[in-house]
Every structure is written in structure tokens, then in C-alpha cells.
Amino acid sequence: MDSPGMDMSMPMFYVGQHETKRALPVSDQLVHHAQDCGYDMLTAPITTPHFHARVLSLLSSYNQAVSEASLSSSKQPLPLIPALESVDTNLHPSDTISQLVTYTSAWIDLASPDPIIAHLSRQVLHLEIAFAAFCGVVTVVVPGPRLSASADGLSQYARAVKEALAVGSYIQLHIQMPMDGKQAGDEDEDLGHLAKFANAEYTEQQPGARLEAFSAWDAWNTVRSICRYHSRLSIALELPRRLPSLTLQSRWFSEPIRLLNIPATSFLVNAKGSFVLSKPHQIFIYRCMRLKSAPWILLTNVGPLPGVNDPDTIMDYPSGYLSPAAAADAPTPRSSMSPSPTPAEAARLVKSAGKKSSKDDPTPHLSYLRYLGRIQPNKSVIERFGGGFQDYLQSPLQPLTDNLESITYEVFEKDPIKYEWYERAITEALQDWVTEEKSTSSEDGAVVIAVVGAGRGPLVTRALNASEGSGVPVRVYAIEKNPNAYVLLQRHNAQDWNGRVTVVKTDMRAWKGPTLDDGTFGHVDILVSELLGSFADNELSPECLDGVQHVLNPQNGISIPASYTAHLTPISTPRIYTDLLARSHSGDANAFDIPWVVMLQQLDYLSTQPQDPSASQLPSNAKISQAHLEAPLSPDVQTAWEFSHPLPSTVLAQASLRRGGSAVGGGGGFTGGDGANEHNFRFSKTSFKVQDQGVCHGLAGYFETVLYAGSQGAVELSTNPVTMEEKSKDMISWFPIFFPLKNPLQVPPNSELEVSMWRQTDDRKVWYEWLVESFITVGNRRMRLSISDLQSSRSNGCLM
Ligand SMILES: C[S@@+](CC[C@H](N)C(=O)[O-])C[C@H]1O[C@@H](n2cnc3c(N)ncnc32)[C@H](O)[C@@H]1O
């Protein structure tokens with residue numbers, strides 16, 4: 001078991017104002033004025049139109065010189081942009097510089113096939129980033145590559161971004177990408193866009209790229225892969241008026257979004273003429289705001305800051321309290337489907353033009369965002385419990401080798417479900433025991449229960465409760481090898497359990513069983529344990545329970561849990577991959593060879609179940625505050641293997657023959673040792689259909705366990721996202737496990753991922769090995785596209 005206390009706080013919405021063609025220079029005074037209007041930040045272009053004009057004139061003189069000299073441009077040195085001058089920029093070091101989100105010029109074309117244009121563009125970017133860094137700017141937005149052009153230039157674009165990251169060594173670069181791949185045609189609008197000046201000899205050869213829904217994501221993936229998942233490289237994501245498919249939304253959600261750009265055109269207008277966002281927009285924003293590094297929101301082109309000409313104007317600060325009419329949603333979901341305002345909306349917009357939708361509200365878009373911030377959906381139990389631990393990598397616990405601290409037990413014991421379910425399982429087992437008239441291991445007919453690995457004793461208390469609840473008498477033993485927890489167990493026994501429990505300090509594998517009056521050892525009817533890890537068997541429950549099975553009543557003895565299964569699914573998780581890469585670069589050579597325990601949040605499932613068209617994150621009559629903010633698509637999670645207890649005696653007999661290496665015990669283990677633990681070796685090959693192109697960064701692992709399956713059905717626990725709601729909703733004791741891939745696998749659409757997973761053992765240790773292959777079928781031919789390294793956690797294995 002693995003997991004951390006309660007976070008009740010709600011995410012803050014940081015909202016800025018962005019104008020693509022800001023008329024006024026951004027001064028300290030303007031920043032303060034924006035704050036008075038309720039904005040948290042402002043955007044500012046790094047250079048002025050003067051600089052733009054200067055570059056255009058340089059290009060024109062260069063072209064002229066080339067044509068006058070009748071030279072080929074390859075004979076002429078490339079044009080050099082002289083250093084910036086004061087008129088070229090309004091930016092300067094100031095107290096408010098950290099509150100600025102700066103923009104590099106949108107009129108350059110880093111990916112241009114024309115080497116002159118590409119060269120000029122790189123110089124512009126370089127000069128701008130260097131000056132912004134000099135002024136102390138932290139956040140810079142770089143317009144994304146032109147998607148309508150051929151994808152050939154992407155490598156050039158990425159190369160320039162990589163250089164820019166080296167120029168500004170503290171700057172965070174955000175690449176602006178349109179969520180749906182449809183870019184506002186800046187170069188069409190801007191007559192001075194450098195793309196327009198590319199020599200026809202290059203552009204004619206260039207086929208236009210066919211834009212697909214995933215084009216923008218694909219371009220981003222190429223750029224960040226070339227930049228080796230740089231930790232200072234992230235995304236400014238532009239939300240269109242109509243959000244793309246849930247699969248594409250999920251993909252973007254898993255990426256490092258630091259800014260959410262919401263253009264005015266993405267707002268709808270409700271019946272009262274107020275600006276609102278569609279429900280899918282609201283849910284996507286809420287999901288993003290739950291991320292550990294929640295993005296800032298930029299309201300784009302929602303009109304100039306009110307009162308800029310009269311800085312003494314006293315503004316109403318948007319409090320998030322809107323009139324019911326202003327807060328009402330837009331009436332028809334159809335309006336959010338259309339790419340531009342519907343005729344009715346357009347008419348309302350015209351009527352309300354000049355008064356910004358509501359004459360009392362000078363910043364209606366901002367007020368609406370503040371309102372959304374105020375009415376956020378409540379946090380789930382898991383979010384409250386795991387606050388701060390999202391996507392944080394933890395080494396799995398090793399409760400067998402290490403002795404846990406009291407505080408660790410205290411955290412487990414907060415689980416509202418696990419102990420309840422154990423009590424139900426024990427109660428049902430006791431009731432069945434009596435109904436089936438099974439004989440017990442005690443002389444007086446009491447059912448003998450041993451809680452093995454009792455920790456601080458919560459399952460002991462539950463066993464005693466189950467006996468009281470069912471009226472079935474029991475005799476209870478608490479077995480614990482942690483000497484410190486043993487002291488607490490003794491104290492509990494004296495203070496809370498009225499001495500009804502026999503507490504034994506020992507490794508369960510060395511326990512001989514209940515000591516009878518004649519000095520011999522008796523049997524146990526029910527072994528109760530909780531030795532499960534995030535991948536079921538990774539805290540060595542099988543090895544420990546095999547080792548104590550000799551005390552179990554050979555005819556009727558049962559184990560709670562009766563069985564457990566390990567499950568997995570391939571995922572894309574750039575955030576964790578970036579973290580692991582940083583760790584491996586800073587000296588942790590094994591970072592990619594550890595199955596990490598992690599509260600997975602910012603991920604995308606690569607293989608999902610067919611979508612139920614009626615399923616929705618928000619039923620039509622529900623309020624937004626009731627929205628589900630979990631992943632909207634259900635993953636395909638498959639079973640790797642199972643363990644059940646007790647084992648057939650023949651299996652244990654063979655294992656003991658092998659122990660010691662006798663000839664009848666065979667020729668030793670495959671991976672070392674005598675092979676005595678080889679019955680706990682497992683291998684699985686699972687196959688996953690991948691619908692959309694993506695990148696596989698590793699495997700998410702979960703478990704399910706049947707605590708007891710009797711006459712009243714099965715009592716089960718699950719961390720599998722597909723079944724946990726049904727089997728043990730709100731259980732918080734375990735986070736998933738993550739098996740990383742050193743080299744991410746690029747996965748095409750309509751392909752397959754095959755996962756090979758091994759549980760290996762050499763009698764002293766247990767470890768996992770994993771490998772992922774990708775396949776595509778063209779016609780009747782199934783072709784292997786790529787194969788990951790065979791990764792192994794042997795050097796970090798769990799000691800038996
Ligand atoms: C995950 S904790 C569970 C504790 C407690 N049963 C609960 O549910 O809160 C597992 C416990 O088993 C103990 N344990 C692990 N392996 C053991 C072994 N071989 N013999 C005895 N105790 C063991 C650990 O010290 C730890 O206290």
C-alpha cells in the first residue's frame with residue numbers, strides 16, 4: 001500500500017488580458033491599471049511595428065541588391081539585422097516585468113523553405129528573446145509553426161526554438177498552438193508577414209500540408225521531441241469556439257499547457273446578451289485548472305482595457321458574483337458547434353456593441369471567468385486526499401525489508417473504504433463458516449483468525465467487530481515483524497481489545513502457528529492480510545503468504561484476500577517523462593528502471609474503449625458544479641496475471657524440494673537461486689488497439705483484489721479506473737504504478753501496442769521486466785514498427 005493528507009483548497013484562476021494588436025505601449029502604469037480592472041497580468045509584444053518595418057526594408061534592399069547585381073542569392077551574404085534600437089522595443093527592465101507575458105513577433109516564418117526568410121526569422125527570434133531575457137522577462141509566447149505549410153520546415157522551426165532556449169536561460173517558452181489545428185491566418189491578414197516574401201522558387205515546390213485534427217498536436221510533438229522534452233518548453237493553447245473531439249482534448253490535457261488562450265470569438269452569447277463559454281469549454285478549463293501546474297488564462301481580443309485614457313477611473317473589481325441572467329448558459333448547444341457567431345448571437349452582439357454586453361460591467365469576459373472560478377465543481381475524495389501529489393514520483397514502499405513509520409500507517413488508516421470492506425469480507429466469511437458448518441481449528445469451536453502483517457492493528461479491530469456483528473466467536477492473533485508497531489499492538493491489546501488478542505512479533509514466514517496448551521502448534525482458519533502494492537504483488541504478498549500458509553487449516557482454511565490481479569494500459573505522459581529525463585540527467589541512472597508509484601493525473605490513455613454516445617461528463621440536466629473532471633474516455637485496461645491463496649499443497653511441496661538445490665528439485669532457477677520461488681514467476685503478453693496517433697511513455701499499472709467471495713457475492717477492492725467506481729469508489733490507499741519507457745514510442749493511428757511483462761525472481765529478490773512493441777497492419781500484412789528497450793527493475797528489486 002502506498003499513498004499520502006487532505007487538500008480542501010480550490011484552484012485559483014489567474015487571468016490576463018491579451019491584445020494581438022495592442023495600441024498602447026505596456027508601461028508600469030498600464031500594468032497597474034489592468035490590475036485595477038481585475039486582471040492578474042498583461043501581454044506585451046517584445047518589439048514594435050518600427051522594428052517590423054526595419055526588417056521589411058532590410059529584406060527589400062537585399063532583394064533589390066541581388067536583382068540589380070543579377071546575382072543568385074547564394075552568392076550574396078545573407079542579410080544581417082542590426083542590433084535593436086530604442087524605437088524597436090517598448091520593453092524595459094521594471095518592477096512589473098514579471099507580470100508580463102511577452103510575445104515574440106507573429107510575422108516571422110522560422111520554418112520557411114526560403115533560406116533568406118528562415119534566416120531573417122531566426123535572427124528576429126534571437127534578438128527578441130535575448131532582449132526579453134536581458135530585461136528579466138520570464139514568460140515568452142512564441143507563435144507556433146505555420147500548419148498550412150508543408151511539415152518540412154518543422155525541423156527548422158524546432159531547431160530555432162532549441163537555440164532560443166539556450167539564449168534565454170531562465171525564460172519559459174510557450175509555443176502557441178491551436179487546439180483544433182485551425183490557425184488564425186496571421187499571414188493572410190498581415191501584409192508584412194515574412195511568409196509572403198518567400199521566393200516562389202521555394203514555395204512552388206512545396207506541397208501544402210493536409211491538415212488533420214491532430215496536425216497541431218503532431219507539430220508540437222515534433223518540436224518538443226527535437227528539443228528533448230526541454231523543461232522550459234511548454235504550450236500556450238488556443239481554445240477554438242468549438243472544441244475538438246474528446247480524444248484530442250485528452251491529448252492536449254496531457255501536454256504541458258501553461259497558458260490557455262481564450263479568444264473573444266470563442267465566447268457564446270446567452271439570451272440576456274452576456275458572454276459565456278460552452279459546457280465543454282467549462283469542463284476542459286476546470287480539468288486544466290486541477291493540474292498541479294495549472295495554466296494561466298489569457299482573454300484574447302476581448303476589447304481594450306476599459307478606462308485606459310482615464311487612469312483615475314474607479315473600476316468595479318470583478319468579484320465572480322454575476323446576475324443570474326449573466327451567469328446563465330447559452331441556450332443551445334448548437335451555437336457552440338458553429339465556428340462563428342450564429343445570426344441570433346450576431347444580432348445581440350450588434351445591439352450590445354459599445355456597452356460590452358452589460359453596461360454595468362466594463363470587463364464582462366473577465367467577470368465570467370471569475371464567476372467560473374467561484375463555482376468550480378467540488379473536489380473528489382481522491383483529489384482532496386492526494387492534493388499536491390499529482391504526478392509526483394514516489395519509490396514503492398518495501399514494508400517487508402523496511403520498517404514503516406507510525407505516520408505512514410496513520411496515512412493508510414485514513415482510508416474511508418478499505419477497512420470497511422475488509423470488515424464486510426470477514427463478517428461474510430464468518431457467517432458462511434457457520435452456515436456451512438465447517439469445523440474450526442480451536443477446541444472450543446471459535447474461528448481462529450490471524451491478521452498477518454497487522455501494522456498498528458486496524459484489521460485486528462475490524463476482525464473483532466466482524467465477530468461481534470456476526471455473532472460468531474473468534475480467537476484472534478496479530479502477527480507483525482515491525483518491532484515498533486509491535487509495541488503499539490501490545491498497547492492496543494491492553495487498552496482497546498481487552499486482552500482478547502494474542503500479539504506475536506515475528507516474520508510471518510517463521511511463525512509456527514498458535515501455541516496450544518500442550519506446547520504444540522495449531523492451525524489458523526482465516527488468514528487476514530493486506531500486503532498489496534500498487535501492482536498487486538509488488539510488495540511481495542505472494543512470497544509472504546506462501547511462507548505462512550503452513551499454519552492454515554488444511555481442510556477449510558481461507559485467505560482474505562482470496563486473490564489479486566495486476567492490470568495495465570499504455571499511456572502518454574509527457575510530464576512524467578520530462579521529470580524522469582531530468583532525473584536521469586542529474587545522476588539517477590536508474591530513473592527509467594523503477595516502477596514508480598504515482599498519482600497519475602496529467603495523462604492520456606492511448607487505448608480507449610469505444611465511446612458510449614450517451615455517456616457525458618455532465619448529464620444535460622446537471623449543473624456544471626456536478627461535472628466529472630476525470631479522464632473523459634475509459635481506458636482499455638487488461639489483466640497481466642493473477643495470484644490466489646491458499647496455493648495447492650503440491651505447488652508448495654515442489655517449491656520446498658527445490659529449496660536447497662537437491663537433484664530432485666531440478667536444475668536451479670532461470671535467473672539465479674534454486675528456483676524455489678519460481679512458482680511466483682509470471683509472464684503476460686497483452687495487446688492494445690490504438691485509435692489515434694500518439695506517443696507511448698510507459699505503462700500505467702493497477703490492481704484488483706477479491707477479498708472474499710462467498711454466498712453473498714464478492715467483496716472486492718480495485719484501483720483499476722474502469723472498475724474502481726463500481727468496486728471500491730473513494731478508496732485512497734493506493735496510487736497507480738508507472739513502468740516508464742526510456743525511449744518513447746511514436747505510435748501511428750489505427751495501430752497496436754503489444755506489452756510483454758515479466759515478474760522475475762531469483763529466490764532472494766523479485767523484480768519486473770517490460771517491453772513494448774508497436775504494430776500496424778497494412779492490407780493483410782502486420783508489420784512491427786518499433787520496439788522499446790527490454791527494461792528491468794532488477795537493480796531496484798524487492799528483497800524477499
Ligand atoms: C501495508 S502494511 C498493512 C498494515 C495493516 N494491516 C493495515 O492494513 O493498516 C503491511 C504490514 O505488514 C508487515 N509485514 C510485511 N511483511 C511481513 C512479514 N513477512 N511478516 C510480518 N509482517 C510483515 C509490515 O511491517 C506492515 O506492518
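Residues numbered from 1 in each chain as written. Predicted model: local features only at pLDDT ≥ 70, side-chain atom pairs only at ≥ 80, totals over all residues.

## A word on the sheet that holds strand β14 (residues 526-529)
The parallel open sheet is built from 5 strands, whose spatial order is β13-β12-β11-β14-β15. In the strand order of this sheet, the two ends are held by β13 (501-505) and β15 (558-560), each with one partner. The mean angle between the axes of side-by-side strands here comes to 20°, regardless of whether they run parallel or antiparallel. Direction of pairing for strand β12 (residues 474-480) relative to β13: parallel, over a ladder of 5 bridges. (Pairing = 2+ DSSP bridges. Helix = DSSP H or I, 4+ residues; strand = E, 2+ residues; numbered from the N terminus. Axes fitted to C-alpha atoms, helices over the stretch in contact; angles between N-to-C directions.)

## Quick word on the nonpolar core
Counting 106 residues, the largest nonpolar core has I449, V451, A463, A478, I479, I560 and L707 as its most contacted members. No other element matches strand β21 (residues 694-710), which puts 9 residues into this core. Inspection of this core shows a minimum of three residues originating in each of domain 2 (406-530) and domain 3 (564-799). Ignoring anything within four residues of it in the chain, the contact list for A463 reads I426, I449, V451, V474, V476 and V528. Grouped together as the second largest cluster of nonpolar side chains are 93 residues, V137, M179, L299 and L305 included. (Core = buried A, V, L, I, M, F, W, Y, C linked by C-beta atoms within 7 Å. Buried ≥ 20, exposed ≤ 12 C-beta atoms within 10 Å, placed from the backbone. Domains from an automatic or database assignment. Contact = placed C-beta atoms within 7 Å.)

## Describing unusual backbone geometry
Of note, the amide linkage connecting I560 to P561 takes the cis form, showing an omega dihedral of 10°. Cis peptide bonds are those with omega within 30 degrees of zero, and the linkage from H645 to P646 qualifies with 0°. The topology assignment puts P646 in the loop between β19 (638-644) and α21 (649-658). Residue E437 is not a glycine yet carries a positive backbone phi of 55°. Residue placement: E437 occurs in the loop between α16 (418-435) and β11 (447-452).

## With respect to the packing of α16 against helix α17 (residues 458-470)
Orientation of α16 relative to α17, taken along the N-to-C sense of each, is 45°, at an axis distance of 8 Å. The angle between α16 and α17 places the two elements in the oblique class. The handedness of the crossing between α16 and α17 comes out as right-handed. Contacts from Y419, Y422, E423, I426, T427, L430 and Q431 in α16 reach P458, L459, R462, A463, N465, A466, S467, G469 and S470 in α17. For the contact of α16 with α17, a count of residues per class yields 8 nonpolar, 6 polar and 2 charged. (Parallel < 35°, antiparallel > 145°, perpendicular 65-115°, else oblique. Left-handed = near helix turned anticlockwise from the far one by under 90°. Nonpolar A, V, L, I, M, F, W, Y, C, P; charged D, E, K, R; others polar.)

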